[in-house]
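What the coordinates show
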Amino acid sequence: MCGIFCLIGSEDLCDSYKKQIINRRGPNAKAELQIDNVTFAGYVLWQQGSKLCPQPLQSEHIVLIMNGDIYSYDEENLSDTEWLIKKISECKTDSEILTLFTKTEGPFSIVFFNKKTKDLYFCRDKYGRNSLIIERSRNAWRILSTSYYKRSTSVRICELPPLGLYKLNIKIPTQWNLFPWSILKTDDVLSQLKTLNNFFEIKILLRNDINLDEKIINGRGNGSFDFYDLCNNFTCSMEYIFVDLLNNKQLKTALKYFSQLLEDSVKERVIKTVKYCRNCVKKQTTCHHSKIAILFSGGIDCSILAVLTDKYVSQHDTIDLINVAFENATSDSNDWNVPDRQSAKSSLNELQKICPARKWNFIEVNVSKNELAFFLHRHIKHLIYPLCTVLDESIGCAFWFASRGEGICNGEFYDSPARVAIVGSGADELFGGYTRHRNAYSRCKKNEEKQIVVRTELERDWKRISSRNLARDDRIIADNGKTVRAPYIEEKLVNYVRSLSPGQRCCFLLEQGIGDKLFLRLYGYQLGLTSSAFFKKKAIQFGSKVANRKQNAKDQSKYLKF
């Protein structure tokens, strides 16, 4: 994960603060470059390629800064940044650039500049997995990974919507072009463009679509099984229901195909990283310390990822499982046995049985009230910004302390040296894991209406995952020098799951903790997670006790008042 900074116009004192924060994302190399009135800065966390590749990267006429990972290339000795600038430099027209992006898979935010034409291009990948922020002040435009919270009416700031590839000429920075990802509906694009136009007082012209590779867009045939038909007459225990369901031929076929997609996704995100931990990367000496950490609540999402991660990490290496708990805000007791700690310990026991040769480092991160308030006020609020709700605050704090990885392991202090953080993001949105999905089902009386309203709710959640979750989580986790990788949000896997009907992903005839994410729970049960498969979904802010249920999640955080 890297930090990127692009400034059009004059620099001010605030930029130095922003660069200090962005620098934490890329501890392995940093550099700056100025061309005309544009300043580029890159801060690199080395993950791909046989050698460290500093940024900004230049070819004869292209300057590139990139944050993220590209998986759709086969040149092992090149970093993804080197591969991308090579490909962009070969493009002669916008059409050729767009064709290049049809074949580009992975989470990324990119800024590149054509020195000849003075055109600046920038984008987030189509799922918006990585952060990219746009700022406009009186004398400057900024495009950057992470901003800096400062009460000011003179700076306009927002997360860049991941609508497609944006283009502007630095001589006229108020006139933009957008080449939209063709998977988005025109109405969605136009609505968000109108908001951007009004907010920044600019004009954005909508250009021809980027036609994404059909192999990526299209899902696979989803078979004829339906959980509501299969579960309608069950009267036995939940465990026997799982056994019976797993005997269904069409369901077994679907689970097998899903398994292939998810394993491939985990494999890419585990093996495409430098074989050194944070402490050994400068010396580049062989080590068996943890390179991979899993943010581990013990729920079915992360437990599945732990089982699959074990397959692709050397048996000589440890894997860190990081679990976070917060001190009760309304008492002085130090009871760290919060719900997520309990479920994590239970799931750890299952992992040790399924993967007996693996050494798991179970890290208990315990955060006091004073420590929480100190870091939230001094630092974390800048990473959450420009989001500002109580929900953003609580989830942001939970992810920041977890990804920092400082806690107790086997009775001793442990500071995780991992440089990749595996997260279960996307599972709830894809498989119907939120209470609102069950509530949507309950609102309707007729079965057909129930399925329609659940699908609508699932689609709504998926469309807003980039603005509600992913950009914020990228800023939070990358701040600790770790690359966040979310195996459930992989192009082929996402398109397959979204091709399934709601009745093939979840079943609200069954109780909470079973019917929600039923497809995923069945997959986990197959892997041997016979206890974790029945754990109820707990939002991280409540499972870790960082949030008070009496708070209104949509209220503005007192630390981020404008």
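Report on the accompanying structure. What you see is a predicted model; the values in this text were computed from it and never measured.

This part is about the sheet that holds strand β8 (residues 133-136). Spatial strand order, β2-β3-β1-β9-β8-β10: 6 strands in an open sheet with antiparallel pairing. The open sheet is flanked by β2 (29-35) and β10 (156-159), the only strands paired with a single partner. Averaged over all pairs of adjacent strands, the angle between strand axes in this sheet comes to 10°, irrespective of strand direction. Pairing analysis gives 4 bridges linking β8 to strand β9 (residues 140-144), with the strands arranged antiparallel.

Inspection of the secondary structure puts R25 in the loop between α1 (13-23) and β2. Within polar-contact distance, the side chain of R25 engages the backbone oxygen of C2 at 2.9 Å.

Turning our eyes to something else, we now look at unusual backbone geometry. Each neighbour pair has its own omega, and for Q55 with P56 the value is 5°, a cis peptide bond. Looking at where P56 falls in the secondary structure, it is placed in the loop between β3 (38-44) and β4 (57-58). Of note, the amide linkage connecting Y385 to P386 takes the cis form, showing an omega dihedral of 15°. Looking at where P386 falls in the secondary structure, it is placed in the loop between α11 (369-384) and α12 (390-404). Unlike most non-glycine residues, D36 shows phi in positive territory, near 55°. In this structure, D36 sits in the loop between β2 and β3. Accessibility expressed as a relative area gives 45% for D36, which makes it partly exposed. One non-glycine residue, K517, adopts positive backbone phi at about 55°.

For the rest of this paragraph, the subject is the sheet that holds strand β5 (residues 62-68). As summarised here, the arrangement of the 7 strands in space is β4-β5-β6-β7-β11-β12-β13, forming an open sheet in which the pairing is mixed. With one partner strand each, in any of the chains shown, β4 and β13 (203-206) form the two edges of the open sheet. Alignment of strand β12 (residues 172-180) against β13, held across 4 bridges, turns out to be parallel. For L178, the partnering residue across the bridge sits in β13 and is L206. Strands in contact with helix α2 (residues 80-90) are β4, β5 and β6 (108-114); relative to β5, the strand with the most contacts, it is inclined by about 140°.

Turning next to the packing of aromatic side chains. If you walk through the whole model with that rule in mind, you get 30 aromatic pairs. Between the aromatic rings of Y228 and Y441, the centroid separation amounts to 5.4 Å while the plane-to-plane angle is 20°, which identifies the pairing as stacked. Of the two residues, Y228 sits in helix α6 (residues 227-231) while Y441 sits in helix α14 (residues 435-443), which places them 213 residues apart along the sequence. Residue class for Y228 comes out buried when judged on its relative accessible area of 10%. Taken together through their ring pairs, the aromatic side chains of F122, W141, Y166, W176, F199 and F200 make up a single cluster. Stacked on the ring of Y127, the Lys or Arg K126 has its end atom at 5.4 Å from the ring centre. Its end group placed over the ring of Y434, R436 keeps NZ or CZ at 4.2 Å from the ring centre.

The rules behind these values
Residues numbered from 1 in each chain as written. Predicted model: local features only at pLDDT ≥ 70, side-chain atom pairs only at ≥ 80, totals over all residues. Heavy atoms only, no water. Pairing = 2+ DSSP bridges. Helix = DSSP H or I, 4+ residues; strand = E, 2+ residues; numbered from the N terminus. Axes fitted to C-alpha atoms, helices over the stretch in contact; angles between N-to-C directions. Polar contact = N/O pair within 3.5 Å; in protein donor to acceptor, adjacent residues only side chain to side chain. Buried < 20%, exposed > 50% of the residue type's maximum accessible area, 1.4 Å probe, protein only. Contact = heavy atoms within 4.5 Å. Phe/Tyr/Trp six-rings, centres within 6.5 Å; stacked < 30°, edge-to-face > 60°. Lys NZ or Arg CZ within 6 Å of the ring centre and 35° of its normal.

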